[in-house]
Amino acid sequence: KLCSVRKQTWKILNGKLPYKDFFSQYGHLNDFINSITVDLLNKDIFGIYINTTVFYFLSIFILGYISFKLSNIYCFFFSVLILIFNHPIPEYPWPNYSAFFFLTISVLIFNLKHNFKLFISSFFLGISILCRENFYIFIIPTWIFLLILIYIRFRDLTKLSYFFFGLILPIGLFFIF
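Remember, it's a predicted structure, so these values are computed and weren't measured experimentally.

Visitor: Describe helix H3 (residues 46-70), and please don't skip the residues or the numbers.
Guide: Compared with the 36 Å implied by 1.5 Å per residue over 25 residues, the 37 Å span of H3 between its first and last C-alpha is a close match. Inspection of H3 places Gly-47, Ile-48, Asn-51, Thr-52, Phe-55, Tyr-56, Ser-59, Ile-60, Ile-62, Gly-64, Ile-66 and Ser-67 among the buried residues, and these make up the whole buried set.

Following this line, the structure appears as structure tokens:
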């Protein structure tokens, strides 16, 4: 797995374009994020592990924060400990970790009362699809279900359009690129 991730990172660092010059079996945004870190660390491939670990642990703390907001500080510590003890470190530099990070941000930001938060939440869903392309299989049905719930709950086309365009924007910009 590392060899494949490493190859995609080097291709982006050398100015290659996804789908035109190479095909990534993962999400191209994940390759791009890895290439930035590798470049910042003087072409040290260890940067891919740093990315994976940072995204993973930030995701755990975001989930802990969400449980804190829904319950109390004990739930925060309990959820963080359970998650870390069940999966202490990311073993491979898979794009699942960066995609999961953006999914947890989406859940954290999701708020039906604020149109802009709906947009940003949906935007991060789109970013997670770009990190791990096969995530669209799970995210698109969830997104459609949430669109239907927003419509049923509010009958407000403004809220609906904010949530709709949040996901469409990052994916659309990627295809324009």
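The rest of the description comes next.
Visitor: Please set out the nonpolar core residue by residue, giving values where relevant.
Guide: Core analysis: the largest hydrophobic core is formed by 27 residues, its most contacted members being Phe-102, Phe-163 and Leu-167. Of all the elements in the fold, those that place two or more residues in this core are H3, helix H5 (96-109), helix H6 (115-131), helix H7 (136-154) and helix H8 (157-176). It is H6 that provides the largest number of residues to this core, a total of nine residues. Listed in part, the five residues of the second largest apolar core include Tyr-56, Ile-60, Phe-76 and Tyr-97.

Visitor: Tell me about the packing of aromatic side chains, and please be specific about residues and values.
Guide: Applying the stated rule across the entire model yields 17 aromatic pairs. Each ring, one from Tyr-56 and one from Tyr-97, has its centre 5.4 Å from the other, and the planes form 80 degrees; the classification is edge-to-face. Of the two residues, Tyr-56 sits in helix H3 while Tyr-97 sits in helix H5, which places them 41 residues apart along the sequence. Here Tyr-56 falls in the buried class, since its relative accessible area comes to 6%. Through pairs of rings, three or more aromatic residues link up here, namely Phe-55, Phe-101, Phe-102, Phe-116, Phe-119, Phe-123 and Phe-124.

About the criteria used
- Residues numbered from 1 in each chain as written.
- Predicted model: local features only at pLDDT ≥ 70, side-chain atom pairs only at ≥ 80, totals over all residues.
- Heavy atoms only, no water.
- Helix = DSSP H or I, 4+ residues; strand = E, 2+ residues; numbered from the N terminus.
- Expected span 1.5 Å × (residues − 1).
- Buried < 20%, exposed > 50% of the residue type's maximum accessible area, 1.4 Å probe, protein only.
- Core = buried A, V, L, I, M, F, W, Y, C linked by side-chain atoms within 4.5 Å.
- Phe/Tyr/Trp six-rings, centres within 6.5 Å; stacked < 30°, edge-to-face > 60°.

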